[in-house]
Amino acid sequence: MKKEKVPIVIKGSKSGLRIVLDSELSFDDLKKEIEKKFSDSAKFLGNAQVAVSFEGRELTEDEEATILQLIADNSQLDVVCVVDNDKEREEYFAKSLQERLKEMDANTGQFFKGNLRSGQVMEFDTSIVILGDVNAGAHVASTGNVVILGALNGTVYAGASGKTNCFVVALKMNPMQLRIGDVIARASDHKENPPQTPQIAYVDEGAIYIDELSRNTLKDIHF
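Residues numbered from 1 in each chain as written. Predicted model: local features only at pLDDT ≥ 70, side-chain atom pairs only at ≥ 80, totals over all residues. Heavy atoms only, no water.

What about the overall build of the protein?
Then step 1. When helices and strands are tallied, the protein shows five helices and 15 strands.
Then step 2. Burial statistics for the protein: of 223 residues in total, 39% are counted as buried.
Then step 3. Put simply, of all contacts in the protein between residues at least 6 apart along the chain, 36% involve residues at least 24 apart.
Then step 4. As presented, the protein carries roughly 13,700 Å² of accessible surface, and 47% of it is formed by carbon and sulfur atoms. (Helix = DSSP H or I, 4+ residues; strand = E, 2+ residues; numbered from the N terminus. Buried < 20%, exposed > 50% of the residue type's maximum accessible area, 1.4 Å probe, protein only. Contact = heavy atoms within 4.5 Å. Areas by Shrake-Rupley, 256 points an atom, 1.4 Å probe, with all protein chains shown as cover.)

Shown next, in the form of structure tokens:
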């Protein structure tokens, strides 16, 4: 009797998960199988930060992103990196995971108390929380996120290491210029009264968006 082919197999390793995908299924059918597999296995897999690799079929970047979103939606796993297959997979797996976790630990951030005046420039190798205002003409750059517990009237550069998944938060958002990774947004020539509620700026589909800071907004942001 011919053994039925399993559309998706999850294999654990010391440093993460190897996900073996059926090469013959249509991608729409594969998505359904992935959703079911991770939903059914959610309790067993638990809540953990993992690295993953995909085997069995070639995936486009969009397909890979779709699968990662399905994993996030149907389990408690936090995928911190995706590893390409190679002959030294286990060793490379561990190295990639350790480097990613180390980077996340290093980006826990620091605090600065005070107002930044015009002409002042501050650069940080971690995320930064500023307890004060960033006035017009002041410049803040961070490799991570920037949180301003005050008014932002100057220039902020978040994700200075090139990361576009960073964000900027301000109690009063009225920047001269925002930059996140390689994406830049400048203030409009037509000045309007800035909102009086906390705002968050983030990148989506290659553009910077500013929304009211709320629990729902934070839920949709990938930190």
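Additional details are given in the paragraphs that follow.
Points about the pairing of strand β15 (residues 207–212)
Then step 1. Looking at chain direction, strand β14 (residues 199–204) and β15 are connected through six bridges and run antiparallel. Residue pairing for β15: Val203 is matched across the bridge by Ile208.
Then step 2. Between β14 and β15, which pair antiparallel one after the other, the connecting turn spans two residues, and Glu205 there sits at a positive phi close to 55 degrees. (Pairing = 2+ DSSP bridges.)

Remarks on a nonpolar patch on the surface
Then step 1. Where nonpolar side chains cluster on the molecular surface, the patch consists of Phe111, Leu131, Leu149 and Leu171 and spans about 380 Å² of accessible area.
Then step 2. Its location among the elements puts Phe111 in strand β5 (residues 110–113). (Patch = residues over 30% accessible without salt bridge, like charges linked within 9 Å, V, L, I, M, F, W, Y side chains within 5 Å. Salt bridge = Lys/Arg side-chain N within 4 Å of Asp/Glu carboxyl O.)

Focus: the sheet that holds strand β9 (residues 146–152)
Then step 1. In space, the six strands of this open sheet follow the order β5-β7-β9-β11-β14-β15, with mixed pairing throughout. Taken across any chain shown, the strands that pair with only one partner, and hence form the sheet edges, are β5 and β15. For this sheet the average axis-to-axis angle between neighbouring strands, irrespective of direction, equals 25 degrees.
Then step 2. In this sheet, β14 lies alongside strand β11 (residues 167–173) in antiparallel orientation, the contact comprising four bridges. Following the sheet pairing, Ala170 is matched in β14 by Gln199. (Axes fitted to C-alpha atoms, helices over the stretch in contact; angles between N-to-C directions.)

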